[in-house]
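Examining the three-dimensional arrangement
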Amino acid sequence: MKISIRRSRRAAVAVALGSVLALTATACGDDGSGAGGDKGEEGSGKGKIVFWDNNGGVRTDIWKEVIADFEKANPDIEVEYVGIASTEYQSKVDTAIQGGGLPDVGGVGAAMAAGFAAQNALEPLDDRLSKSSLNGKLNESMVESLKSAGGGDALFSIPTSANNGVLYYRTDLFKKAGLDEPTTWDKFYEAADKLTNKGKNEFGYTIRGGAGSIAQALDAMYGQSGITSFWDASGEKTTVNDPKNVEALEKYAALYKKVTPAADLNNDFTKMVAQWDSGTIGMLNHNLGSYQDHVKALGVEKFRGIPQPVGSAGKRVQVSNPVDGLGLFKSSKNKDAAWKFIEFATSHEENSKFNKSAGQVPANNDAAKDAWISEAEPTKLAAGALSDGSTTIVQLPYYLPDWNTVSKSDNEPNFQKVLLGDMSAKDFLDTMAEQLNTAQAEWKEQNG
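The helix and strand tally for the chain stands at 20 helices and 12 strands. In terms of overall size, the chain behaves like a compact globule, its C-alpha atoms giving a radius of gyration of 22 Å where 448 residues would be expected to give roughly 22 Å. Each principal axis of the C-alpha atoms in the chain carries an extent, and together these give about 70 × 50 × 40 Å. Buried residues in the chain amount to 55% of all 448 residues. Contacts in the chain between residues far apart in sequence, at least 24 positions, make up 77% of those at least 6 positions apart. Accessible surface for the chain amounts to roughly 18,800 Å². Of this, 49% is attributable to carbon and sulfur atoms. Taken together, the 47 basic and 59 acidic charged side chains of the chain have centroids lying 3 Å from each other.

In structure tokens form, the structure reads like this:
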């Protein structure tokens, strides 16, 4: 099965153009910014800038705190905050790129960087960072994730945080069963089996079969196989269907209904987390974002959140988890002031304050050493795993224009077939590999 990236890109642009008139005044404001491709200006370093938050509502309060701190430290600069729901953010930016009204600064996470950069909407930030007090102060793996997401040649977003993958497990159930902590994949599978008693509705694990299932499956595959690159040495063929990954997925998918609830087939993260918090399930793979939900449901004494298990070679391998960041839009008429805001927001004190509220790993290395990190153990362990050399990150190809389509709508239904036994792991991964190889070839053709 082959897909046409060119065709899908044309369709995406057509949708964006067709929705220009739908952009509301409240979404973009009359900030004077142009469309994507406008070179903008450095400006005076004073006056007003507009900031679009890519997780409006969820992070509004903490961003307003950061903005208040910034305006106090920079009384000549005013920041207009616009909160946009995460589900609407990308389409709002795409529409503004075509029709005008872009902000000066906006949230630009790994999954969005390539799309915005391909439309010539983002300012490369490498030179600014090299001359900044932030230089050398940011987590290298997060910087690399964002650079890779943008295509690898330039940095289009300064990282603010990482929402790292976590294996949550019930310490009370493990202790009762006499099980070791699931620090290796062998111990993980042993625990999943031993903690399952279907007659009592007790299960060792909950697997994600609904929306978002592919990223979790990839994490389990590469974590077990130990393969450390998404592409082979040529850079043209993906490793997703390497025999070691096929074997790993077969073993992982076989957990469904054997040691997991049948309802897992359709579970997205919300249902999966709620099910784990309310039932007697031994383990859950999710990220730092659900930690406070578990604390509220179970209390800190009944569970732990640890980094992903290590493989048979004693090395932890995981796929790149979402890294969020701040981008400077090229059309800004006040880039100097906008950059000052980005620098301030990712400084030690402000990055620490932001991530303490968000429950995520700070991008600023000094912030990652602050005392609050120790109070949220999963965040502490995740931060350590990302910075102590114990973890190898397999960079997912966010730069491919159709990565989201391939990893979501095209293959989530097929993964459900794998869980049900209606499709082999090999056929599933071969299909996905063919799509990815085609996408990679077209991307390389267009990007030299």
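Right, let's talk about the sheet that holds strand β10 (residues 323-328) for a bit. One open sheet accounts for 6 strands, arranged β2-β1-β3-β10-β4-β11; its pairing is mixed. Unpaired on one side and paired on the other, β2 (77-83) and β11 (361-362) mark the two borders of the sheet.

Note on placement: Q119 falls in the loop between α5 (110-118) and α6 (126-130). For Q119, a relative accessible area of 23% gives the class partly exposed. For the pair Q119 and S352, spaced 233 residues apart in sequence, the C-alpha separation works out to 32 Å.

What holds strands together in a sheet is hydrogen bonding between their backbones, with the strands either parallel or antiparallel. Pairing in this open sheet of 4 strands is mixed, and the strands run β6-β7-β5-β8 from one edge to the other. Each edge of the open sheet is held by one strand with a lone partner, namely β6 (203-206) and β8 (303-306). Looking at each pair of strands side by side, their axes are set apart by 20° on average, direction ignored. Seen against the sheet, helix α13 (residues 291-298) touches β5 (165-170), β7 (281-287) and β8 and runs at an angle of roughly 165° to β8.

Within the structure shown, the criterion is met by 12 salt bridges. Here K137 ties to D366 by a salt bridge, and the two come within 3.5 Å at their closest N and O atoms. Taken together, the positions of K137 in the loop between α6 and α7 (140-149) and D366 in the loop between β11 and α16 (372-375) put the pair 229 residues apart, joining distant regions of the chain. Of the residues examined, K137 reaches a relative accessible area of 37% and is grouped as partly exposed. Between D430 and K426 there is a salt bridge, and its shortest N-O distance comes to 2.8 Å. Of the two residues, D430 and K426 both sit in helix α20 (residues 425-446), 4 residues apart, roughly one turn of that helix. Judged by its relative accessible area of 46%, K426 is partly exposed.

A word on the side chain of T238. Locating T238 in the fold gives a position in the loop between α10 (213-225) and α11 (243-253). A distance of 3.1 Å separates a polar side-chain atom of T238 from the backbone oxygen of F230.

So, on to helix α12 (residues 269-278). Among all positions in α12, only M272, V273, Q275, W276 and D277 are buried. By the N-cap criterion, in which a side-chain oxygen at the helix start approaches the backbone nitrogen of a residue two or three places on, α12 is capped by D268, the distance to T270 being 3.2 Å.

Below, the discussion takes up the pairing of strand β1 (residues 47-53). Strand residues, when the strand is regular, have side chains that alternate between the two faces of the sheet. Summarising burial for β1: 5 of the 7 residues are buried, a large majority. In this sheet, β2 lies alongside β1 in parallel orientation, the contact comprising 7 bridges. The residue of β2 that forms the bridge with G47 is I77. A crossover links β1 with its parallel partner β2, the connecting element being helix α3 (residues 60-73), and its sense is right-handed.

Scoring rules and cut-offs
- Residues numbered from 1 in each chain as written.
- Predicted model: local features only at pLDDT ≥ 70, side-chain atom pairs only at ≥ 80, totals over all residues.
- Heavy atoms only, no water.
- Helix = DSSP H or I, 4+ residues; strand = E, 2+ residues; numbered from the N terminus.
- Rg over C-alpha atoms; globule rule 2.2 N^0.38 Å.
- Buried < 20%, exposed > 50% of the residue type's maximum accessible area, 1.4 Å probe, protein only.
- Contact = heavy atoms within 4.5 Å.
- Areas by Shrake-Rupley, 256 points an atom, 1.4 Å probe, with all protein chains shown as cover.
- Lys, Arg positive; Asp, Glu negative; His and termini not counted.
- Charge placed at Lys NZ, Arg CZ, Asp CG, Glu CD.
- Pairing = 2+ DSSP bridges.
- Axes fitted to C-alpha atoms, helices over the stretch in contact; angles between N-to-C directions.
- Salt bridge = Lys/Arg side-chain N within 4 Å of Asp/Glu carboxyl O.
- Polar contact = N/O pair within 3.5 Å; in protein donor to acceptor, adjacent residues only side chain to side chain.
- Right-handed = clockwise from strand over helix to strand, strands pointing away.

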